[in-house]
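The lines below spell out each chain.
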Amino acid sequence: AQTVTQSQPEMSVQEAETVTLSCTYDTSESDYYLFWYKQPPSRQMILVIRQEAYKQQNATENRFSVNFQKAAKSFSLKISDSQLGDAAMYFCAYRSAYPKRGSNYKLTFGKGTLLTVNP
Amino acid sequence: EAGVAQSPRYKIIEKRQSVAFWCNPISGHATLYWYQQILGQGPKLLIQFQNNGVVDDSQLPKDRFSAERLKGVDSTLKIQPAKLEDSAVYLCASSFRRPRRPSTDTQYFGPGTRLTVL
């Protein structure tokens, strides 16, 4: 079974600064997807960024980028020019690309990192 | 495009009582998921539907939890009887699935229902 580990329960950053959230995962599969989801206090989970394991190029979405190290099974999220609205719980998640028969496309989540943005 | 709708947003019940949660997925999304998120943890999948059929309910405590998705659209998750450890946020998510084609299949989440069992 796959596992996702987020070793930083809490992080803080000054507004306009850069912060990196860590995520490691364990899998025996070679093809999969990795996600970062943001959950603000209102609890609506929002997709931030997605990475396909077969792509060597790191995904980027505006101020959000990832550092995907497949051999190390590491998937960190970098937030540049942090804004007050970035304050939220951030979850790293894993999903199989081609689930075995009887399996499914469920997301396996880490425990999350609570990000605080200081003005 | 309307998002995933859930109701109620909050529910407080006594242990051994029953409770039901409702979810309306994004229009056209064939796949529907129910996740349980206990405080301080990431969401954990309880059950997944593909149209109105169950794909995976291996983590659903079937002695007390039940779920249905009639007509492949709305879904209801029920707990009967509730235990203290069922206190959590229950998240519904949906995704668009094209049969027999690999897809990144993004899951879109609803706002969740916060259940408190006293």
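Our structure is the block above this text.
This is a predicted model, so every value here is computed, not measured.

What counts and what doesn't
Residues numbered from 1 in each chain as written. Chains lettered and ligands numbered in written order. Predicted model: local features only at pLDDT ≥ 70, side-chain atom pairs only at ≥ 80, totals over all residues. Heavy atoms only, no water. Contact = heavy atoms within 4.5 Å. Buried area = accessible area lost by both parts, 1.4 Å probe. Salt bridge = Lys/Arg side-chain N within 4 Å of Asp/Glu carboxyl O. Polar contact = N/O pair within 3.5 Å; in protein donor to acceptor, adjacent residues only side chain to side chain. Helix = DSSP H or I, 4+ residues; strand = E, 2+ residues; numbered from the N terminus. Buried < 20%, exposed > 50% of the residue type's maximum accessible area, 1.4 Å probe, protein only. Pairing = 2+ DSSP bridges. Disulfide = S-S within 2.5 Å.

What about the interface of chain A and chain B?
Line of reasoning, step 1. Residue-level contacts link 23 residues of chain A with 28 residues of chain B.
Line of reasoning, step 2. Summing both sides of the interface, chain A and chain B together bury roughly 2000 Å²; the carbon and sulfur share of this comes to 48%.
Line of reasoning, step 3. There are zero salt bridges connecting chain A and chain B.
Line of reasoning, step 4. One can count five residue pairs in polar contact (both at pLDDT 80 or more) joining chain A with chain B.
Line of reasoning, step 5. Counting only elements with at least two residues in the side of chain A that touches chain B, the list comes to β5 (32-39), β6 (46-52) and β10 (88-96) of chain A.
Line of reasoning, step 6. Here the element with the most residues in the side of chain A that touches chain B is β5(A); it accounts for four residues.

Points about the pairing of strand β4 (residues 31-37) of chain B
Residue and element names in this part refer to chain B.
Line of reasoning, step 1. Of all seven residues that make up β4, seven are buried, and the element is covered over most of its length.
Line of reasoning, step 2. The side-chain alternation of β4 yields two buried faces, one formed by T31, Y33, Y35 and Q37 and the other by L32, W34 and Q36.
Line of reasoning, step 3. Hairpin remark: β4 followed by strand β5 (residues 44-50), antiparallel, with six residues in the connecting loop; positive phi at G40, about 85°.
Line of reasoning, step 4. Sheet topology note: the β4/strand β9 (residues 88-95) ladder contains seven bridges and is antiparallel. Counterpart to W34 in the pairing with β9 is C92.

Here we look at the state of the cysteines
One way to say it: the disulfide is the covalent bond shared by the sulfur atoms of two cysteines.
Residues and elements named next belong to chain A.
Line of reasoning, step 1. Applying the stated criterion across every chain, the model contains two disulfides over all chains.
Line of reasoning, step 2. Across the disulfide, C23 is cross-linked to C92 (sulfur-sulfur distance 2.0 Å). Across the disulfide from C23 to C92, rotation about the S-S bond amounts to roughly -70°, and the bridge is consequently left-handed. Note that C23 is positioned in the loop between β3 (19-21) and β4 (24-26) and C92 in strand β10, a separation of 69 residues in sequence. With respect to burial, C23 and C92 carry one shared label: buried.

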